[in-house]
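Residues per chain are reported as follows:
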Amino acid sequence: MAKHWADFQYEIYLNGMTGAVPRLPTDLTRLEELTEQRLGPGPVGYVAGSAGNGSTARANRAALDRRRIVPRMLRDVHERDLSVEVLGRTLPAPLALAPVGVLSIMHPDAEPAAARAAAAQSVPFILSSASSTPMEQVAEAMGDAERWFQLYWAKDREVTRSFLERAKASGFSVLVVTLDTPLLAWRPRDLDQAYLPFLHGVGTANYFSDPAFLSGLAKPVHEDPNAAVLHFVGMFADPGKTWPDLAFLRENWDGPIVLKGVLHPDDARRAAEAGMDGVVVSNHGGRQVAGSVAAADALPGVVDAVGDRLDVLFDSGVRTGDDVFKALALGARAVLLGRPYAYGLGLDGQAGVEHVIRCLLAEFDLTLALSGHAGPATVGVADLVEDTA
Ligand SMILES: Cc1cc2nc3c(=O)[nH]c(=O)nc-3n(C[C@H](O)[C@H](O)[C@H](O)COP(=O)(O)O)c2cc1C
Ligand SMILES: O=C(O)C(=O)c1ccccc1
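Residues numbered from 1 in each chain as written. Chains lettered and ligands numbered in written order. Predicted model: local features only at pLDDT ≥ 70, side-chain atom pairs only at ≥ 80, totals over all residues. Heavy atoms only, no water.

- The name that an unreviewed UniProt entry assigns to the protein is Oxidoreductase, with the source organism given as Streptomyces spiralis.
- Listed under Cofactor (unreviewed entry) in UniProt, the entry text for the protein is "FMN".
- In UniProt, the protein has this text filed under Sequence similarities (unreviewed entry): "Belongs to the FMN-dependent alpha-hydroxy acid dehydrogenase family." (UniProt positions renumbered as here; feature names shortened; annotations may be inferred.)

1. Side note on the site of ligand 1
Line of reasoning, step 1. What surrounds ligand 1 is a group of 21 residues, the closest being P99, S128, T178, D315 and R319.
Line of reasoning, step 2. With respect to ligand 1, the side chain of Y152 contributes an N or O atom lying 3.2 Å from a nitrogen atom.
Line of reasoning, step 3. For ligand 1, an oxygen atom lies 3.0 Å from a polar atom in the backbone of G338.
Line of reasoning, step 4. Contact with the protein chains hides 98% of the accessible area of ligand 1, taken as 600 Å² for the molecule alone.
Line of reasoning, step 5. Looking at the shell around ligand 1 residue by residue, the class counts come to 6 nonpolar, 10 polar and 5 charged. (Near = heavy atom within 4 Å. Polar contact = N/O pair within 3.5 Å; in protein donor to acceptor, adjacent residues only side chain to side chain. Areas by Shrake-Rupley, 256 points an atom, 1.4 Å probe, with all protein chains shown as cover. Nonpolar A, V, L, I, M, F, W, Y, C, P; charged D, E, K, R; others polar.)

2. Structural notes on the site of ligand 2
Line of reasoning, step 1. Around ligand 2, the surrounding shell consists of Y46, A130, Y152, L184, R187, F198, F236, H284 and R287.
Line of reasoning, step 2. Within the side chain of Y152, an N or O atom sits 2.5 Å from an oxygen atom of ligand 2.
Line of reasoning, step 3. When the free accessible area of ligand 2 is taken as 300 Å², the share hidden by the protein chains comes to 94%.
Line of reasoning, step 4. Considered class by class, the residues forming the shell around ligand 2 number 6 nonpolar, 1 polar and 2 charged.

3. Looking at the nonpolar core
Line of reasoning, step 1. Membership of the largest hydrophobic core comes to 109 residues, with the highest contact counts inside it found for F125, F314 and Y341.
Line of reasoning, step 2. Tallying contributions element by element places helix α16 (residues 339-370) first for this core, with 14 residues.
Line of reasoning, step 3. The next biggest cluster of nonpolar side chains, apart from the first, holds 15 residues, and it includes A98, W148, V280 and L313. (Core = buried A, V, L, I, M, F, W, Y, C linked by side-chain atoms within 4.5 Å. Buried < 20%, exposed > 50% of the residue type's maximum accessible area, 1.4 Å probe, protein only. Helix = DSSP H or I, 4+ residues; strand = E, 2+ residues; numbered from the N terminus.)

4. Considering the packing of aromatic side chains
Line of reasoning, step 1. Under the counting rule described, the total for this entry stands at 12 aromatic pairs.
Line of reasoning, step 2. With 6.3 Å between their ring centres and 65 degrees between their planes, F149 and F163 make a pair best called edge-to-face. Here F149 is found in strand β6 (residues 147-151), whereas its partner F163 is found in helix α7 (residues 157-169), with 14 residues between them in sequence.
Line of reasoning, step 3. Owing to a relative accessible area of 0%, F149 belongs among the buried residues under this scheme.
Line of reasoning, step 4. With a relative accessible area of 1%, F163 lands in the buried category.
Line of reasoning, step 5. Here a set of aromatic residues connected by ring pairs shows up, and it is made of F149, Y152, F163, F172, F198, Y207, F208, F213, F232 and F236.
Line of reasoning, step 6. The ring centre of F163 lies 5.7 Å from the NZ or CZ of R166, which sits over that ring. (Phe/Tyr/Trp six-rings, centres within 6.5 Å; stacked < 30°, edge-to-face > 60°. Lys NZ or Arg CZ within 6 Å of the ring centre and 35° of its normal.)

5. Quick word on the pairing of strand β10 (residues 311-314)
Consecutive side chains along a regular strand alternate between the two faces of the sheet.
Line of reasoning, step 1. Burial along β10 is two-sided: the residues D311 and L313 and V312 and F314 are all buried.
Line of reasoning, step 2. Note that the unit made of strand β9 (residues 278-281), helix α14 (residues 295-306) and β10 has a crossover that is right-handed.
Line of reasoning, step 3. As judged from the 2 bridges shared by β10 and strand β11 (residues 334-337), these two strands associate in the parallel manner. Counterpart to F314 in the pairing with β11 is V335.
Line of reasoning, step 4. For the crossover from β10 across helix α15 (residues 321-329) to β11, the handedness is right-handed. (Right-handed = clockwise from strand over helix to strand, strands pointing away. Pairing = 2+ DSSP bridges.)

6. Quick look at helix α3 (residues 41-48)
Line of reasoning, step 1. Of all the 8 residues making up α3, 7 are buried; the element is thus mostly covered by neighbouring parts of the structure.
Line of reasoning, step 2. For α3, the elements touching its buried residues are α2 (31-39), α8 (188-193) and α16. (Contact = heavy atoms within 4.5 Å.)

7. Let's talk about the packing of α15 against α16
Line of reasoning, step 1. Orientation of α15 relative to α16, taken along the N-to-C sense of each, is 60 degrees, at an axis distance of 7 Å. Classified by the interaxial angle, the pair formed by α15 and α16 is oblique. Between α15 and α16 lies a crossing whose hand is right-handed. Only L360, E363, F364, T367 and L368 of α16 make contact with α15, whose side of the interface consists of G321, D322, V324, F325 and L328.
Line of reasoning, step 2. When the residues that make up the contact of α15 with α16 are grouped by side-chain class, the tally is 6 nonpolar, 2 polar and 2 charged. (Axes fitted to C-alpha atoms, helices over the stretch in contact; angles between N-to-C directions. Parallel < 35°, antiparallel > 145°, perpendicular 65-115°, else oblique. Left-handed = near helix turned anticlockwise from the far one by under 90°.)

8. Observations concerning the pattern of salt bridges
Line of reasoning, step 1. Considering all chains together, one arrives at 20 salt bridges under this definition.
Line of reasoning, step 2. D277 serves as the salt-bridge partner of R250, at 3.0 Å between the closest nitrogen and oxygen. Of this pair, R250 sits in helix α12 (residues 246-252) while D277 is found in the loop between α13 (265-273) and β9, placing the two residues 27 residues apart along the sequence.
Line of reasoning, step 3. Note on R250: relative accessible area 24%, which makes it partly exposed.
Line of reasoning, step 4. A relative accessible area of 29% places D277 in the partly exposed class.
Line of reasoning, step 5. Close ionic contact of K326 with D322 constitutes a salt bridge, the shortest N to O distance being 3.7 Å. Residue K326 and its partner D322 are located together in helix α15, separated by 4 residues, close to a single helical turn.
Line of reasoning, step 6. Connected via shared salt-bridge partners are R66, R67, D297 and E386. (Salt bridge = Lys/Arg side-chain N within 4 Å of Asp/Glu carboxyl O.)

Printed below as a string of structure tokens:
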């Protein structure tokens, strides 16, 4: 019998018989404010912030809210199985933790704690290139869980080659290449606080431990840390890349490659032509292009274009179990979750991240059941209406 994620609901009520209540809210939209109260405006501003005046982040929410589920009755939802096939793997639920850099601004245990939480819940954790812990150490914390690595595609080819080699040697099997951040966007919340984590030495662990990166520095990091940080800022991503450059990644990575940040159907087609295995329809949680199309509005077009050839994943704005349902109904195989788990980490370390995963999947499991589905396979666009009011 498949695990019923919804059982978390009863676990909470049973604990309540001894007077206990959950340490964190079960409505994940409340975590941002709590984290801000606990950690202050700098770090939370960075995580919560988005591009421009925040219009894309709001549009992401509006596009999900506008779609409403039409529940079906009497369809035997007693036994449910949330598992999905993604990139030739079976995931126990259609969820992975999105790559989020600089997690040590949330909690000193940072990526290893988030990775352990994901492993404990059997959900893939996608490690960011800009992690605050070197990938080799995070890989150790992952135990026998699936290891997915997110690449910021550096200007320096040797640094990229070295990252791919290190990721392979550390047992990472899936490569997620982020295309939407060749430059950091205009982010007023960070600008107004003059707060950028790297300038505080965070998020550079993979670079400052990399022989190819270090060979580009005139002096060792400890002798001139500012120069090292500036070198990182100037080379971690590359606005000069074009589609033919993907051949280099395809040649240097044996496992599945997923392109993250695809919104246009033609870009999705190019991904398929370049021999990629999947795309993440994402606008980086509204952090890159202000005024961009909402991720959920872009999803059906990408699914139409490549859904039969590529695994289409989705992120940007997922906060609740019904959001997961809606993303699947619009054609996604699985979703990535960003900010909510970063807040869970900030509030309660590994346990906080586990709480977030369990709440989201319990709510998703209940949404499925109450809407008349015993698993993701039967969820489709016919389960949604669009609220045009
Ligand atoms: C603080 C923060 C750091 C992020 N760092 C990365 C990163 O290093 N690499 C990446 O591909 N995406 C990064 N993202 C984007 C997430 O992977 C994801 O696309 C986004 O958070 C999803 O939207 P959501 O936060 O609304 O769930 C970051 C997002 C946040 C909030
Ligand atoms: O802040 C981000 O959204 C992001 O993607 C990033 C980029 C570089 C380093 C750390 C995070």
